[in-house]
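Inside the fold
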Amino acid sequence: MGFEDTALLSRILTLMTLSFHILYATVGVGIPLMIMIAQWVGIKKNDEHYILLARRWARGFVITVAVGVVTGTAIGLQLSLLWPEFMQLAGNVIALPLFMEVFAFFFEAIFLGIYLYTWDRFEDQRKHLLILIPVALGAAASSLFITIVNAFMNSPQGFEILNGEFVNVQPLLAIFNPAVPTKVAHVMSTAFMTSAFVLASIAALRMIGGSDHVYHKKALFLTMKIGLIFSIATAIIGDFSGKYLAEYQPEKLAAAEWHFETEGDAGLILFGVLDGQEPKYAIKIPYALSILAHGTPGAEVIGLNEFPEDERPPLWIHYLFDTMVGIGMWLAFFSMVYVVGAWRGWAIVRAKWFRWLLLATGPLALVAIEAGWWFTEVGRQPWILRGYMKTADAATTSGQVDLMIILFAGLYIILGIGTVVVLTRMYKRNPVEKELADREAKKGGVQE
Amino acid sequence: MTLEIIGISVLWLFLFLYVIVASIDFGAGFFNAYSAFTNKQHILTGIIQRYLSPVWEVTNVFFVFFFVGVIGFFPQTAFYYGTTLLVPASIALILLSIRGSYYAFATYGAKINHRGYIYMYGLSGLLLPASLSPVLAMSEGGFIKMDGDSPYLDYLALFTSPLTWSIVVLSLAAVLYISAVFLTWYASKAGDAKATHLMRKYALLWAGPTIITATGIIFELRSHNAEHYSRLLDLWWIFGLSFLLFLGTVYLLWKRRNYGWAFILLVGQFFTAFFAYGVSHYPYLLYPYLTIYDSFTNEAMAISLIIAFIAGLGLLLPSLYLLFRLFLFDKDYVKGKSDYHA
Amino acid sequence: MQDFLIFYAPFIVLVSAIIGAFWISLKDGIVTNDKK
């Protein structure tokens, strides 16, 4: 088997694992904050509904965390199995955040276990809420550390290579690389946004299913408000990310925007097809690319032709970029309409068709997450460590990768179906109306 | 003490902790499946759900910690072990997924207690040590070979070697033994006489095979890796101590008393043996290619990892204590009197 | 300016958004106001 082949197969397997893992990782980072907000609102307003909301979310959350742990372990090991050359190099320079990520997750797992198994154990809800803080912090910290590793792959620094040896390694400098702030903020903000919309979709689903309980309305309104805030934050941070790219990875931005010649007054191209180096049938927003890259309409944006052909990212990442941005914009706009409408009492927010749009927000946000990660990963090609190591040179020489692809594909299919089946079954068996009634009955009777 | 030794000691300690907590987890799953098979399910299921469900993610993290730490301290291992372990490690991952999803789907979630699932979960507990433990055999050398610049694993040599199979058998026996001793203690704390009786029986049953295969491996090393064998013999007194601790556990189990102490002695037994084995393996990570010295990371990284490790431990130990106080040492919880699951 | 936007502003926006999310969560609308 040829060398190129294992690199391609390794990429396919990594893509599969990451694409699957990222769904769980994203909600894994975002949902603790949602639970926290709901429980906090419940305590503040002394409203049983929000407390129950937090509790029911927590129940579903454990299941996604458990699958996330499994797929996270898989990607952790696969990095060494599929990219041994890269990990050998990375181990020397960027091992510190990888190591700390495990600690952060450890911390989260411990407190998640405690949080879940101590509902109603405390007289005071506020004490129970306190346990959630380390869960949310641990989740945020693990996303911080693992994103740092990914940021390092995009803008490596903190070491020198002398005759193939690493000299002058500065682990902290490697950690604080220029890609970190925009990437970390973007990852976290989208995680919160996506989690909010996924939870909103669930509430919308129940309302479409005919339930008219105020519990679902509260859930929907709460999550859409949070979704609005974070979709706006995401858009702003996304703009900063454009500025980071223009400064440090101009080829990625240029490829995403089909921007070939270095020039000022650059327009932003949406969709279209490419004919040679000429975009056709595209929507062009004048000056927008210059603004995205440097903040002024006349600013010069570096074009793709400045880079040697074998160091250019594939041009189809344009569509990934458009998908991500398009969905992000739609979600910000739509959640704005809903929130204002719900606040002012517009009739359309109660319309049936509007609920279907609400239902779509969660899945759309997940699609945007996938598109965004594909964009950033494919957009880094041909490098695995930009400027230092190409992806093709980092792959394993083992000949069994193809078999592993089949094995893991089967696993992810089973885990994916399992998650959906178990979650729906769990909530169907114990609908909120029934649980609220049970709790009322319990309270009315003799205290336990 | 050099940085290399601090690094490997930390990792070895974590591997040891993983061996203990994972053995409890793996073995419990197997006993659970076995009792389902013989229709005694109710005896163990409750205990397994009360103890294992809250802590399995923590168990898993010990494993992740070990392999991430190895890459951090000894990046070159990624090259040798990463390339050669693709298949065995992937199989182990699949098995781990079966276990993880069992907790997720069957105990947290919709309580799917399909028999097939229980059997798969139980069986994965046996297959996992069987798929992970051959790595120890590989590290003795002779199975990982070089094809020019790239290492490959000689499966035929590995699977026809008596050393591999003894290590596999030892891992299975040890998993069942460790787990049974722990569960004897846990069941007796929970005041469940039936389960205590059953687990004590299993513990005594697996004590013999554990010690016999462990001794057998030492002698097989003589022909496989003479250098390691002679270093092992230099440490004979530690193995002797380990054997005494083993006798202590068996004695207490036999006399039906102090199950807590029996478990502590068992941890001591495995601790001494595990470290004596580790020390005698020094300085090799992989005979004869890789030692802890030539695969070590740079000094700056090593120091920062050690600092991160100490800081992390300062955070984790109190949290772990809290976790165990709630789920292991809380009488009401252990007895199943209080259930506050979300 | 460019450096400020790349290095510091992302975190400022993120933290403000988290605070904002808590703040907005307490605000009621007609949907949640009408009946208890």
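Numbering of residues starts from 1 in each chain and follows the order in which that chain's sequence is written. Here chains are named by letter from A upward and ligands by number from 1 upward, in the order in which they appear as written. Thresholds applied to this predicted model are a pLDDT of at least 70 for local features of residues and 80 or more for the giving and counting of side-chain atom pairs; totals over whole chains, interfaces and linings are not thresholded and use all residues. The basis for the side-chain values is all heavy atoms of the structure; hydrogens and waters are excluded.

Here we look at the nonpolar core
Residues and elements named next belong to chain A. Note the threshold: Nine residue types can take part in a nonpolar core, namely buried Ala, Val, Leu, Ile, Met, Phe, Trp, Tyr and Cys, and a core is a set of them joined through side-chain atoms within 4.5 Å. Working definition: with a 1.4 Å probe on protein chains only, accessible area under 20% of the residue-type maximum means buried, over 50% means exposed, and in between means partly exposed. Each helix is a run of H or I in the DSSP string that is no shorter than four residues. Each strand is a run of E no shorter than two, and both are numbered from the N terminus. Reported domain spans reflect what an automatic or database domain assignment gives. Contacts were defined at the residue level, with two residues in contact if any of their heavy atoms lie within 4.5 Å.
Formed by 288 residues in total, the largest nonpolar core has its most connected members in Phe86 and Tyr338. For this core, the element with the most residues is helix H3 (residues 84-116), which contributes 23 residues. Residues from two domains meet in this core; each of domain 1 (1-179 + 397-448) and domain 2 (193-248 + 250-379) gives at least three. Leaving out residues up to four positions away in the same chain, Phe86 has contacts with Met153, Ile384, Leu385, Met389 and Ala394.

Focus: the interface of chain A and chain B
To keep things clear, this is the line we draw: Once two parts are joined, some of their accessible surface, as seen by a 1.4 Å probe, is lost; buried area is that loss totalled over both. The term salt bridge refers to a pairing of a side-chain nitrogen on Lys or Arg with a carboxyl oxygen on Asp or Glu at a separation within 4 Å. Distance and chemistry together define a polar contact, namely a pair of N or O atoms within 3.5 Å, with one atom able to donate a hydrogen and the other to accept it when in protein, and with adjacent residues in sequence counting only for side-chain atoms on both sides. In this classification, Asp, Glu, Lys and Arg are treated as charged, Ala, Val, Leu, Ile, Met, Phe, Trp, Tyr, Cys and Pro as nonpolar, and every other residue, Gly included, as polar.
Contact with chain A, which involves 65 residues of that partner, is made by 66 residues of chain B. Taken together, both faces of the contact between chain A and chain B bury some 6000 Å²; the carbon and sulfur share is 79%. Interface area lost by chain A to chain B is led by Phe99, Phe106 and Tyr117 of chain A, which between them contribute 14%. At the boundary of chain A with chain B, the tally comes to 0 salt bridges. Taken together, the links from chain A to chain B amount to 3 residue pairs in polar contact (both at pLDDT 80 or more). Within the side of chain A that touches chain B, the residues separate by chemical class into 43 nonpolar, 15 polar and 7 charged.

Things to note about the pairing of strand E2 (residues 150-153) of chain B
Residues and elements named next belong to chain B. Under the convention used in this document: When DSSP finds at least two bridges between two strands, those strands are taken to pair.
As paired elements, strand E1 (residues 144-147) and E2 share 4 bridges and run antiparallel to each other. From the neighbouring strand, Met146 faces E2, where its bridge partner is Pro151. Following E1, the chain reverses through 2 residues before pairing antiparallel with E2; Gly148 in that reversal takes a positive phi of roughly 65 degrees.

Section: the arrangement of the chains
If you rank the 2 pairs of chains in contact by how many contacts each has, first place goes to chains A and B. Over all C-alpha pairs, chain B and chain C never come within contact, reaching a minimum spacing of 23 Å.

Some remarks on the environment of Asn225 of chain B
Residues and elements named next belong to chain B. The topology assignment puts Asn225 in the loop between helix H9 (193-224) and helix H10 (226-234). On the accessibility criterion, Asn225 (6% relative accessible area) is buried. Counting along the chain gives 62 residues from Asn225 to Tyr287, while the straight-line C-alpha distance between them is 8.9 Å. When near neighbours in sequence (up to four residues on either side) are disregarded, Asn225 contacts Glu140 and Tyr287.

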